[in-house]
2 protein chains.
Amino acid sequence: MKFWNSKLKNSTEYIPGEQPGDVDTYIKLNTNENPFPPSKAVLDALRNSCNESLRRYPDPEAKDLRSAFAAKNGLKAENVFVGNGSDEIFSLIFRGFIEGTQTAAFPYPSYSLYNTLAEFNGIKYETVNLGKNFEYNMDGFLKKKYSLAVIANPNNPTGTLCGIKDIKSFLGKFKGLLVIDEAYNEFYGDTALDLVEDFDNLIVTRSFSKSYSLAGLRIGLAVACSDIIKGFLKIKDSYNIDRLALAGALAALNDTKGFNYNIQMLRNNKEYMEEMLQALGFTVVPSRANFVLVKHGKKKALELYESLKEKKILVRYFTSPAVSDYIRISVGTMMEIKTLVKELSVILEA
Amino acid sequence: MKFWNSKLKNSTEYIPGEQPGDVDTYIKLNTNENPFPPSKAVLDALRNSCNESLRRYPDPEAKDLRSAFAAKNGLKAENVFVGNGSDEIFSLIFRGFIEGTQTAAFPYPSYSLYNTLAEFNGIKYETVNLGKNFEYNMDGFLKKKYSLAVIANPNNPTGTLCGIKDIKSFLGKFKGLLVIDEAYNEFYGDTALDLVEDFDNLIVTRSFSKSYSLAGLRIGLAVACSDIIKGFLKIKDSYNIDRLALAGALAALNDTKGFNYNIQMLRNNKEYMEEMLQALGFTVVPSRANFVLVKHGKKKALELYESLKEKKILVRYFTSPAVSDYIRISVGTMMEIKTLVKELSVILEA
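These lines cover the structure that appears in this document, whether it is placed above or below. Note that the structure is a prediction, hence the values are computed from the model and not measured. (Residues numbered from 1 in each chain as written. Chains lettered and ligands numbered in written order. Predicted model: local features only at pLDDT ≥ 70, side-chain atom pairs only at ≥ 80, totals over all residues. Heavy atoms only, no water.)

## With respect to the relation of the copies chain A and chain B
Alright, step 1. After a rotation of 180° and a shift along the axis of 0.0 Å, chain A superposes on chain B with an RMSD of 0.0 Å. In symmetry terms, the pair is related by a two-fold rotation axis. Ranked by how close their C-alpha atoms come to the rotation axis, the residues of chain A are headed by arginine 47 of chain A, at 2.5 Å.
Alright, step 2. The residues that chain A uses at the interface reappear at the interface of chain B in 100% of cases, marking a shared surface. (Least-squares fit on C-alpha atoms with pLDDT ≥ 70 in both. Contact = heavy atoms within 4.5 Å.)

Okay, structure coming up:
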C-alpha cells in the first residue's frame, strides 16, 4: 500500500454480491437483477447503435436521455442528471456536496455502499436505526444537524418503505441535503420525484439496473433542482456514459408496454415466492422491492446460504448484526422460484 | 451553489471539445477521434452481446479484458486495471494515490484535465514548462519533492514525445508516483509498459478511444504493480464498466489485423495532412499522435478556428497562452483532409 493515500488505506471496501464466472450454472438470486431479459425494443435499439458512430465520443451531457426522462415525469431536463449507474451518482454526491467538516447520516441496516463512500471521502457519518420491523424512523435524522442524509426507498436489504407523506413532512424540518435512492422504486411506485420542485435540498436517484433489466449497461439518474444538477455536470468525467448505454436507456424509457409487462410479471412472481416461503415457515419482511428478506426458526441464515450455494442457488447473506439472521432472496423466474422452494424444503427437513 | 462543497465551488471546470448535436453536418477534427470506424469484428461482437445477459451486472473485475491485455503485452492480469475511459482512471488516481498535504506536477502545456482533477480533490499542483519546441524537460519534475507527476506521452496538445530512455533515467531518480498517459501511444509505439515490472511507482494508462476507434464506448486501462492495481479495484465503483464496453474492447484487442490496418491508414493520412499544411505555409509541430498542432504567420489561431467553424469544420483552439497561437487538428479521412486544405487555402488568401 506504498502509494495508497490515507483514505484508501483506512476505508472498508464495499463487497458486491458474488458474480461467479460460470454464472449460467447457478440460479442467481443474490444481486437483485431482474429475472426477465430487456425488452425486444431495447435489444433492437442497441444492435442498431453498434455502428460506426462508436468511433465518436458520446454526448457529454446526455441531453436526449435527460429530456426523455424529464418529459415522461413532468420535469425539465435541467432537473435530470445521468450517471454510470447510480453508484457513480452516489460517489459524486460524496465528492461534491459534502465536506470533511460535516456529518452524514444513513439508516441501519441499509445499503452499506453509503458508508464506504463516506469513508473514501473522509466524511464522518452516523447511522439511524430502523425500527423493530425495519420501519423507517425519520425523526432519527433530525436528532443532530446532519448535512447529508441518504435513504434507500424502498430500503435495501429490508424492502421496507418510507411513505411520501413522511418524507414531505421530514423535508419541512430537515436543513441538510436529503438523497432518496429509488433504485427499487418502479416495482411498486410511490415516488418522491415530484417533491424536487418544492425542495432544493432533495436528490432522488433512479436506476435502470432493476426495473429495466439493464444492470449490464450501467445507467442511473439523479433528479434535483437545477443548481445541484449543474454541480453534478461540473464534477463528473466528461464522457461518463457510453453511446450504447445512452441508446439502450432511451429505448427502455420509450418502451412503456415492455416495461409494464416486466413489472407485472415480477409482481406476480414475488407474490408467489412470498406465499411459498411463508408456507415453508419463513418469516417474510413485507417488501416493496424485487427481493425479500426472510428468516427461519429452524435454520441459521448462514447455513441456509451455504446449503443453497451447494445446490447452485445463490442468495445474499449479510454479516451485519441487524440482518445476520436473514437471507435476502431476489425474485426469480417461476422456474427458479420453484427450484428454490424445492431445495429449501429439502434443506429444512435435513 | 447552496449545496456545493468548497472544492466544487472553487475549482475550474474541464471543458471538452465541442460535440455538436448536428455532428454529421461537420467535419469534426477537434477531439482526436479516429476517422475510421471500429472494425467489423468489433461491431459484430458488440451486436452479438446485445442479448438477455444485459439484465445481469457486468464482471466487476473485468477479468477477461485484463487477462487479454496482459497476455498480449507480456504482463499479468494483476498488473492491469480497466476504467470507464482513462478519465475515470485519472480521477481515481487523484482520489486514491495522493492527499491534500502533497504536491503534484504536470507539464505545461498539456492535458488540462490533470489540473482540474487536482483542484476537485484539493491537491496542490505545479506545472513544469515544456521547452521552446514543446520538448519534455523531465529534470523539471525533480526540482522539488513532487508526490505525483502526470505526463501525457505523446503529449496533448503538442504531439511531442518523451523517449523511453529519458523516462527510465527519470524513474531512477524520482521517488513519487509517475503516471504516463499513453492515450495516443499506439499510433507510433515506444511504450513505457515494460517499465512497470521494474518500477513500483509507475502507472501507464491506455485508451481505446483513439487507436481502436471506440471513443463512444469509454474504455481505458491502467498498468502498474499489483499493489497499485489493488488500490484501483478497492476504490472504483463496483460495476464501473458495462458489458458491451467490455465485449467491444475484448474484440478490439483480438482483432490485430483490423487494428494494424487502421493505424497504417491513420499514419498515411497524417503524413499527407502534414505535407499539405506545410505547403500552405503552416508551421507543424512534429507529432507522434493522431493530431497536429499548427500555426500560421498570416492568420491568428482564433481567426482560423472561427473561419473553419463557419465552413463547418471543427478544429481545437486553446486560450492557454503557451498554445494560443496554434490550432490543433485531428487527422481525418482523406476526403476530410482535402476539404480542410481547400478551405484553409481560401481562408489564407482572404
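On we go.
## Some remarks on the sheet that holds strand 9 (residues 282-284) of chain B
Residue and element names in this part refer to chain B.
Alright, step 1. Within the open sheet, the four strands sit side by side as 9-10-13-12. Their pairing is antiparallel. One side of each edge strand has no neighbouring strand; the edge strands of this open sheet are strand 9 and strand 12 (316-317).
Alright, step 2. Against the sheet, helix 10 (residues 301-310) contacts strand 9, strand 10 (291-296), strand 12 and strand 13 (327-330), and its axis sits at roughly 40° relative to strand 13. (Pairing = 2+ DSSP bridges. Helix = DSSP H or I, 4+ residues; strand = E, 2+ residues; numbered from the N terminus. Axes fitted to C-alpha atoms, helices over the stretch in contact; angles between N-to-C directions.)

## Here we look at the pattern of salt bridges
Alright, step 1. A complete count under the given rule lists 30 salt bridges over all chains for this structure.
Alright, step 2. Note that glutamate 343 of chain A is salt-bridged to lysine 311 of chain A, the shortest N-O span being 3.5 Å. Here glutamate 343 of chain A is found in helix 11 (residues 334-349), whereas its partner lysine 311 of chain A is found in the loop between helix 10 (301-310) and strand 11 (313-314), with 32 residues between them in sequence.
Alright, step 3. Between arginine 55 of chain B and glutamate 52 of chain B there is a salt bridge; the shortest N-O distance is 3.7 Å.
Alright, step 4. Judged by its relative accessible area of 44%, glutamate 52 of chain B is partly exposed. (Salt bridge = Lys/Arg side-chain N within 4 Å of Asp/Glu carboxyl O. Buried < 20%, exposed > 50% of the residue type's maximum accessible area, 1.4 Å probe, protein only.)

## What about the nonpolar core?
Alright, step 1. By size, the foremost hydrophobic cluster in this structure holds 251 residues, and its most contacted members are Leu178, Phe232 and Ile329 of chain A together with Phe232 and Ile329 of chain B.
Alright, step 2. Ignoring any residue separated from it by four or fewer positions in sequence, one finds phenylalanine 232 of chain A in contact with Phe81, Ile89, Leu92, Ile93, Phe97, Ile203 and Ala222 of chain A. (Core = buried A, V, L, I, M, F, W, Y, C linked by side-chain atoms within 4.5 Å.)

## Points about the packing of aromatic side chains
Alright, step 1. Evaluated as defined, the whole model comprises 32 aromatic pairs over all chains.
Alright, step 2. Aromatic side chains phenylalanine 94 of chain A and phenylalanine 106 of chain A sit 5.9 Å apart centroid to centroid with 70° between the ring planes, which places their arrangement in the edge-to-face category. Of this pair, phenylalanine 94 of chain A sits in helix 4 (residues 85-96) while phenylalanine 106 of chain A sits in strand 3 (residues 103-108); the two residues are twelve residues apart in sequence, bridging distant segments of the chain.
Alright, step 3. The exposure class of phenylalanine 94 of chain A is buried, given its relative accessible area of 2%.
Alright, step 4. Taking the relative accessible area as the measure of exposure, phenylalanine 106 of chain A reaches 0% and is therefore buried.
Alright, step 5. Look at phenylalanine 141 of chain B and phenylalanine 170 of chain B: their rings are 6.2 Å apart centre to centre, the planes differ by 75°, and that puts the pair in the edge-to-face class. Here phenylalanine 170 of chain B lies in helix 6 (residues 164-171) and phenylalanine 141 of chain B lies in the loop between strand 4 (124-129) and strand 5 (148-152), a separation of 29 residues in the sequence. Residue phenylalanine 141 of chain B shares its accessibility class with phenylalanine 170 of chain B, and that shared class is buried.
Alright, step 6. The structure contains a cluster of three or more aromatic residues connected by ring pairs, namely Tyr14, Phe90, Phe94, Phe106, Tyr111, Tyr114 and Tyr125 of chain A. (Phe/Tyr/Trp six-rings, centres within 6.5 Å; stacked < 30°, edge-to-face > 60°.)

Limitation: the analysis is restricted to geometry and does not speak to function.
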